[in-house]
Amino acid sequence: MESDLKILTIIGARPQFIKAAPLSLAVSKVEGVTEVLVHTGQHFDTNMSSIFFSELGIPDPAHHLGIGGGSHGENTGRMIEAIERVVIAEVSLGCWCTEIPIQR
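These remarks concern the structure in this document. For clarity, every value in this text was computed on a predicted model and none was experimentally measured.

**Looking at the overall build of the protein**
Part 1 of the argument: When you go through the protein residue by residue, the secondary structure sums to 3 helices and 4 strands.
Part 2 of the argument: Along the protein, helices (α) and strands (β) appear in the sequence β-α-β-α-β-α-β when read from the amino end.
Part 3 of the argument: Sorting the 104 residues of the protein into buried and exposed places 35% on the buried side.
Part 4 of the argument: Long-range pairs, those at least 24 residues apart, make up 75% of the contacts in the protein with a sequence separation of at least 6.
Part 5 of the argument: Entry remark: accessible area of the protein is about 6,200 Å², with carbon and sulfur atoms responsible for 56%.

**Some words on helix 1 (residues 14–28)**
Part 1 of the argument: Counted at 1.5 Å a residue, the expected span for helix 1 with its 15 residues is 21 Å, and the 21 Å between its end C-alpha atoms agrees.
Part 2 of the argument: Largest kink in helix 1: about 30°, centred on A20, with the proline P22 one to four residues after it.
Part 3 of the argument: Within helix 1, the full set of buried residues consists of Q16, F17, A20, A21, S24 and V27.

Parameters at a glance
Residues numbered from 1 in each chain as written. Predicted model: local features only at pLDDT ≥ 70, side-chain atom pairs only at ≥ 80, totals over all residues. Heavy atoms only, no water. Helix = DSSP H or I, 4+ residues; strand = E, 2+ residues; numbered from the N terminus. Buried < 20%, exposed > 50% of the residue type's maximum accessible area, 1.4 Å probe, protein only. Contact = heavy atoms within 4.5 Å. Areas by Shrake-Rupley, 256 points an atom, 1.4 Å probe, with all protein chains shown as cover. Expected span 1.5 Å × (residues − 1). Bend = angle between axes of the 7 residues up to and from the residue.

Structural data, given as structure tokens:
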């Protein structure tokens, strides 16, 4: 059955993982609402990414963009392009993005 509402949650680094955990839990309990989790892939190391998913009970992302390894400008541009494709594909009515930090 198709959900009445999709919430697109975009995360990419530890602060977003921590902020997303309670939202994901709350959304999972609401009938007619589905969270579509998008991981930008900024952090791809186990200790900076997947460990938070398992320890905080965050569901696996529906989309993993694999962004990382380029300059700040390259990564930001690639994120914008990839996120736009996901938003179009998911036909989302809402998008929650706490921040997209630029890491040095």
